[in-house]
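Descriptive structure summary
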Amino acid sequence: MARFTPENLELAHEIISRYPRKKSAVIPMLHLAQEQDGYVTNDAMAHIAELAEVTAAEVIGTCTFYEMFKTHPVGKYVINVCTNISCQLNGGEELLEHLEESLEIRSGGTTSDGMFTIEDYECIAACTEAPCLQVNYRYFHRISNDEVDEVIADIRTGKLADTIPEHGVLQRVRQTIPAAKLAGVAPPEEVVDAPAWMVRNEPILAARAAAKAAEEAAAKAAEGNAD
Amino acid sequence: MATNQYVPHAAGYVDNEGPKIVSSRFVHEDAFLLERSLATGGYEGLKKALTMAPIEVHDTVRDAVLLGRGGAGFPAGIKWGFCPPGKWPMYLVVNGDESEPGTYKDRLLMEMDPHQLIEGCLIACYALGLSQCFLYVRGEMALAQERIAHALNEAYEANLVGKNILGTDFSVDVVLHWGAGAYIVGEETALIESLEGERGMPRLKPPFFPAAIGLYGQPTIVNNVETLANLPWIIVNGADEYKKYGSETSPGTRLFAVSGHVKRPGVYEAEQGVTTFRDLIYGDNFCQGMKGDDELKMFIPGGASAPWFFPEQVDLPLEARPVGAAGSMLGSGAIVIMDESTDAVKACLRVVRFFARESCGKCTPCREGTTWEETLLRRIYDGHGRPGDLEMLLDIADNISPGPYPGAAWEAEGIEAIPFPPKQTTICPLGPSSVAPITSALRRFRHEFEAKIPQRTSIPVSAS
Ligand SMILES: Cc1cc2nc3c(=O)[nH]c(=O)nc-3n(C[C@H](O)[C@H](O)[C@H](O)COP(=O)(O)O)c2cc1C
Ligand code: SF4
Ligand code: FES
């Protein structure tokens, strides 16, 4: 139930600094909140609103639009089984059914030990590798029922802890821009001039304008001769 | 697949015969690292572009007739020209929200060769004088986000991105941004809303292109990942070289994801215009035929939004114009093959359900219509359909997309093709897309729907 920790607050400020407008950082900050707590808490949303200088209602509005943001606790491992068309043709629905039976929950539900949540998901861009699923947004391609059981068992014994972080952690590598290398971020109203390198166009534009003027003059002269 | 094969190398990509423009580095396990990229010609396009004037780079892209790979197929060079002159700053937003069912190519490009994409972004920014680039990656693609973050960190370190790139006066920041699960955010104005921290709902048109009014109200170029990934090659080799591949109106190559009932489903780089659907499905160099050598029943030529094609259309080339005239679209290069065992009602229901789930709810015909379409199809599929349901389905479809909906010809029945695109009463094309599977399936397989609707006899009621 938490606002950002000091470390995450620092990260949040860093994220905000990359956008010309603070509100653009709302979605990345919601991800950060989900990474911290496993889901997006009300306190985190209030904190994000302060940081982005918008109302909490606006942050809630944005948060609830997106399927990945959970506003209530979910399993440590969220399993998304694709049942969309390419996967349906190759057993995606049967895979989901099998998983529901193995874990004894329906899609949308969480196991009583808080380990697994299953979702009946839309296309996850692995259509040629059907049937497929994601565990905390890490892919498993062309996976059979037995292999799913194997994956579940391996997660339970902690064998996959290195490959699959707990729910909420998306990128384990973050973008960092050293201050000295930053080209510069400014609100749009403060930028009035063309970027520096666009002056390189000037000789060419001038030459093209001159050529066009010459052409027009020649055409006019030809017209004059015809008269 | 087994547990230890988590994230296999370039899963699904098939390194077949033929020219490779965007997938040339996919054969290298470590192509996502700067070292490998530089060793295989990475950033040469950027270096060459920096020796040219920005407008010359723009001219090269226009001359190459590089068609957008995101869905609409609009020429990139022409779209770039829509920016109002002298209105600064301008932005680049990269559309990496790939979520159209059947589509699998942008994820490969982002996971396998992020430097090629970054180089493409830089070339676009240089050509148009764009102040900042936002690389919007779909939320669910954790690995792609990690690889791009890593690649950007390396590129900043090597002075390939950021301030005074390679010691020149060209400076631009590329910022990784990521979504959170919403198909509609792929629509370019919704993408911009999302990038502004809002609910990802499409904006009212006009203006039709964000090049006029986009991010923060400024001129903005939105391009697909694959579109931009083509730029380094085009700048290095020139427009004329590019046009040697493919056909005149659709030059170059494209990544096609062929999925469903085929022997060797996969992502193939193929020349546009000269390759046909038949080549892709049956060719030895591609999918090698139908799974179990079954008969082809129907196929989706360009992602779930595209009207279906049938065996009559397999000889069409993979080229935007003829496919559009034949009643569908090449869309995002996603080809879904279905054999004779496929239940047309079930397939139709699944695709419609997708659109009902993903409708953003901003306009009524789509929000209400897609939900009703799903409800009706669900009860028909479950065997509880009522007489008149099919007419009601078509009536709802007509409210979303008035008039005849695009569809393929069917010579045996004397049905002519209705060319793409459809009319719409909605803010964006998602609503009309939900009509595509319905009209496609009903035009051709009406009997399958009717067979599922129980025939009731009314109970006679006597007056006395
Ligand atoms: C509902 C909808 C979803 C879309 N999804 C995507 C997508 O996931 N990726 C994409 O690149 N374009 C998508 N588009 C197309 C974009 O609006 C836009 O045309 C494209 O990004 C432009 O880039 P291009 O000119 O390079 O193709 C979608 C369009 C609509 C209407
Ligand atoms: S057509 Fe559907 S998805 Fe598009 S704006 Fe309207 S409600 Fe939203
Ligand atoms: S349809 Fe399942 S991943 Fe695309």
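Residues numbered from 1 in each chain as written. Chains lettered and ligands numbered in written order. Predicted model: local features only at pLDDT ≥ 70, side-chain atom pairs only at ≥ 80, totals over all residues. Heavy atoms only, no water.

Quick notes on the overall build of chain B
Looking only at helices and strands, chain B features 17 helices and eight strands. Its C-alpha atoms give chain B a radius of gyration of 23 Å, near enough to 23 Å, the size a compact globule of 464 residues would have. Of all 464 residues assigned to chain B, the portion counted as buried reaches 65%. For chain B, contacts bridging at least 24 residues in sequence account for 70% of all contacts bridging at least 6. Entry remark: accessible area of chain B is about 15700 Å², with carbon and sulfur atoms responsible for 53%. Once the 41 positive and 58 negative side-chain charges of chain B are each reduced to a mean point, those two points are 4 Å apart. (Helix = DSSP H or I, 4+ residues; strand = E, 2+ residues; numbered from the N terminus. Rg over C-alpha atoms; globule rule 2.2 N^0.38 Å. Buried < 20%, exposed > 50% of the residue type's maximum accessible area, 1.4 Å probe, protein only. Contact = heavy atoms within 4.5 Å. Areas by Shrake-Rupley, 256 points an atom, 1.4 Å probe, with all protein chains shown as cover. Lys, Arg positive; Asp, Glu negative; His and termini not counted. Charge placed at Lys NZ, Arg CZ, Asp CG, Glu CD.)

Structural notes on the domain arrangement of chain B
All names here are of chain B. The domain boundaries assigned to chain B delineate domain 1 (25-242), domain 2 (253-339) and domain 3 (344-451). Distance between the C-alpha centres of domain 1 and domain 3: 34 Å. Taken together, the contact between domain 1 and domain 3 spans twelve residues of the former and eight residues of the latter. Both sides of the domain 1 and domain 3 interface together cover about 860 Å² of buried area, and 76% of this is carbon and sulfur. The tally of links from domain 1 across to domain 3 stands at zero salt bridges. Counting across the interface, domain 1 meets domain 3 through two residue pairs in polar contact (both at pLDDT 80 or more). Counted by class, the side of domain 1 that touches domain 3 contains seven nonpolar, two polar and three charged residues. (Domains from an automatic or database assignment. Buried area = accessible area lost by both parts, 1.4 Å probe. Salt bridge = Lys/Arg side-chain N within 4 Å of Asp/Glu carboxyl O. Polar contact = N/O pair within 3.5 Å; in protein donor to acceptor, adjacent residues only side chain to side chain. Nonpolar A, V, L, I, M, F, W, Y, C, P; charged D, E, K, R; others polar.)

Considerations on the pattern of salt bridges
By the definition in use, this model includes 45 salt bridges over all chains. Taking the shortest distance from any N to any O, the salt bridge between Asp169 of chain B and Arg200 of chain A comes out at 2.8 Å. Note that Asp169 of chain B is positioned in the loop between α7 (142-157) and β3 (173-178) and Arg200 of chain A in the loop between α7 (145-156) and α8 (202-226), a pairing that runs across two chains. The partly exposed category is assigned to Asp169 of chain B, whose relative accessible area is 28%. For Arg200 of chain A, a relative accessible area of 22% gives the class partly exposed. The salt bridge involving Lys263 of chain B is made with Asp293 of chain B; its shortest N-O contact spans 2.8 Å. Here Lys263 of chain B is found in the loop between β5 (253-260) and β6 (266-271), whereas its partner Asp293 of chain B is found in the loop between α12 (277-282) and β7 (296-300), with 30 residues between them in sequence. Salt bridges sharing common partners tie together Glu67 and Glu122 of chain A together with Arg350 and Arg357 of chain B.

Digging into the interface of chain A and chain B
Opposite the 79 residues of chain A that make contact, chain B presents 100 residues. Both faces combined, the contact of chain A with chain B buries some 7500 Å², and carbon together with sulfur accounts for 56% of it. Considering only the surface of chain A that becomes buried against chain B, Phe65, Trp197 and Arg200 of chain A emerge as the three largest contributors, covering 10% of it. Inspection of the region where chain A meets chain B yields ten salt bridges.

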